[in-house]
Amino acid sequence: MIDNLLEAFKKSYEEYGDDFISDQHKLDEGLYIKISPEGIIESHIIRKDNENDSVDEIYKWFQKRDFISKYLESNKAVPTKPIKLVHSNNYLSWFVKKDTLIDTEKSLDLKTIIDMNESYYDSLLNKFNNNEVISLLEGDFSNEKFDFCKHFLVNRFEEIYQLIIENKENYTFYVKVFFDFDINIYQRESKRYLYHKIFNSDKYNIEVDSKIYGLSNFNMGLNSKKPYLEHKTMKRKTPFMVSLEKALLIYKYSLYLKNNGYGVKFQHTSEKLKHNLDKEIMKSYDCQNMLILSQDNGNSIIDDYDIISNYDEYSLYSTKNHLEYVFHDKESNRDILKSYTSNTTNSKKILEDDINKFLFNLQLKSNYYKNAKDIKPSKFLSKSQIEILLQSRNMLFDYFYKGIDSNLKLFIDKFGLTLVLESFETMKEEDSFNVYYSIKNYCKGEDKVSDIKEYKKRIKEIVESENDEYFANENEYSLAAGQLAYYILSCSNSNKKNHDAIQSFINRKTVGQLNDEIIYWFNRYAHDIGRNFRRFNRLYAAILAYDKSKIKMDDMFLAGYLSNNILYEKKEVIENGEEK
């Protein structure tokens, strides 16, 4: 995986160097202090929370040096007393959290801070002087500059401390000090730290032909808590080894990914990278890397990776109003036939958006890769919807982002109807059904699913006929049964009417079982149904007369239950400005 990803990154990094990444780097919240070579506090800036960065020359100066001066992680901090409180990696910079310095129970007194600074410089001088590493660095170490920086942060630290106190109300999180020396010196001293700390652990390092090899720390947590990652039957326990140069390149790539944030990203397999990865799959390429990015303790993590070839997002799908669902428009005081439209044409994104909105109440796209334990029942998702989400999200993700087209039919056949039923509590069930039925129609291709409008027209003929009429098939029967069930349940005098009773109808599999359920509810509310209501009587008789051994069609029953009821007066509907 990492070799495929590095191929394109290496081309860009070799051409632009750290600027390729640092130009997108955002400064942490805090106070930034610049000290001149003459020992003067030359300037400072304050970076605030949610502030739009004003990228001027001063900001860029801090930005480039901040980018290369951070430590890798707390376990790899430069040793100090107290431990792990300085977060920078070279003698030209000094990063400490504000609460370490002032105004909290954790804050150190001034003398302890100065002692900590002295131990920081002693560690940089004594613990990062491995001859093998130093031989790889360009340029010479400057004792003069080192002594100057140490002297200022030890003997003259009170000047910095005074600035920290004076501005304490204006910043949060970090105090960062930088000395105004050439960026090349920063890069050399940063590498001196990185070359010592870039690998997962020094205990795995080996030397081959005068080159150091070790275990990359990127996306790898090989430690005492994860012994299962070790090779148990080989001389070398590590899963893989990389050279020092490659480990550094991998680290830079991890910083590039960090700038790209979270979620699904796409990267071309071989061309030079842009400053930002694409959020959408790139139509012009045949083969792309897909990454699912997250972050852990400030480090970029690749949760999933795949190579996508010949992806085609073209789709003729559209959500249609199969139920002829209407809504009341307050402005015109008319009932309007709902139309499902999208700004995106002929794209799978239309379908993804409709499934997300109407089947998962806007909770699918944000939860593709969220930990299952973090997805809780709420007013947006029931417990059953969460169970379906967890079972189907990988299936749907692979359809929308990897082009596994067979997954859509598997999803809608297995979960579609249940999601419609669950939507009765959290969403507009008519919308959910229209999406469900549109997907079924789309998956059938030329062999279209049953036409609800035609069946409803046939049922109207039955209830309005003066002669005895019967259903031709299970679809006609099931839709009629849904219409009758809704009408009977609506006769309840209860102040609070809900859809709880629908489940008892859905649970019935055969016509005979469903008829028994209809008879039960009819007997319960018969006192509110007029004996001379002929259309009801004809529909009821036709339903009871149908072959009891047949299997009812659940989707047709729901279509009848949810669509405009023929046993009520039908209101005029407006579509495209014309009466229908």
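Up top is the structure.
Since this is a predicted model, take the numbers as computed values, not measurements. (Residues numbered from 1 in each chain as written. Predicted model: local features only at pLDDT ≥ 70, side-chain atom pairs only at ≥ 80, totals over all residues. Heavy atoms only, no water.)

Participant: Give me the pattern of salt bridges: which residues, what numbers.
Facilitator: Within this structure, the stated rule accounts for 35 salt bridges. In this structure, D374 engages K373 in a salt bridge whose closest nitrogen and oxygen atoms are separated by 3.5 Å. Overall, K373 belongs to the exposed group, its relative accessible area being 59%. Bridged by salt links that share partners, the residues D28, D66, K70 and K176 form one connected network. (Salt bridge = Lys/Arg side-chain N within 4 Å of Asp/Glu carboxyl O. Buried < 20%, exposed > 50% of the residue type's maximum accessible area, 1.4 Å probe, protein only.)

Participant: Can you explain the sheet that holds strand β1 (residues 30-35)? Please cite residues and give values.
Facilitator: Across the sheet, four strands lie side by side as β2-β1-β4-β3; this open sheet has mixed pairing. Every interior strand has two partners, whereas the edge strands, β2 (41-47) and β3 (93-97), have only one. Within the sheet, the average angular offset between the axes of one strand and its neighbour, ignoring direction, is 15°. Sheet topology places β1 next to strand β4 (residues 174-179); six bridges connect them, and they run parallel. Note on β4: the bridge partner recorded for G30 is Y174. Where helix α8 (residues 157-166) meets the sheet, it contacts β1, β2, β3 and β4, and its direction lies at approximately 145° from that of β1. (Pairing = 2+ DSSP bridges. Helix = DSSP H or I, 4+ residues; strand = E, 2+ residues; numbered from the N terminus. Axes fitted to C-alpha atoms, helices over the stretch in contact; angles between N-to-C directions. Contact = heavy atoms within 4.5 Å.)

Participant: Report on the side chain of T319, specifying residues and quantitative values.
Facilitator: One can find T319 in the loop between β10 (299-309) and β11 (326-329). Of the residues examined, T319 reaches a relative accessible area of 6% and is grouped as buried. Reaching out from T319, the side chain makes a polar contact with the side chain of Y317 at a distance of 2.7 Å. A polar contact of 2.5 Å, which involves the side chain of T319, links it to the side chain of D354. Residues in contact with T319, not counting those within four places in the same chain, are Y340, D354, N434, V435 and S438. (Polar contact = N/O pair within 3.5 Å; in protein donor to acceptor, adjacent residues only side chain to side chain.)

Participant: With reference to specific residues and values, describe the packing of aromatic side chains.
Facilitator: Taken as a whole, this structure holds 53 aromatic pairs when the rule is applied. Arranged with centres 6.3 Å apart and planes meeting at 65°, the rings of F471 and Y546 form a pair that is edge-to-face. Taken together, the positions of F471 in the loop between α15 (452-464) and α16 (474-490) and Y546 in the loop between α19 (534-544) and α20 (554-562) put the pair 75 residues apart, joining distant regions of the chain. Each of the two residues, F471 as well as Y546, counts as buried. When the centroid spacing of 5.2 Å and the interplanar angle of 85° are considered together, the rings of Y520 and W521 count as edge-to-face. For W521, a relative accessible area of 11% translates into the label buried. Connected via pairs of aromatic rings, a cluster forms that spans F9, Y13, Y16, F20, Y253 and Y256. (Phe/Tyr/Trp six-rings, centres within 6.5 Å; stacked < 30°, edge-to-face > 60°.)

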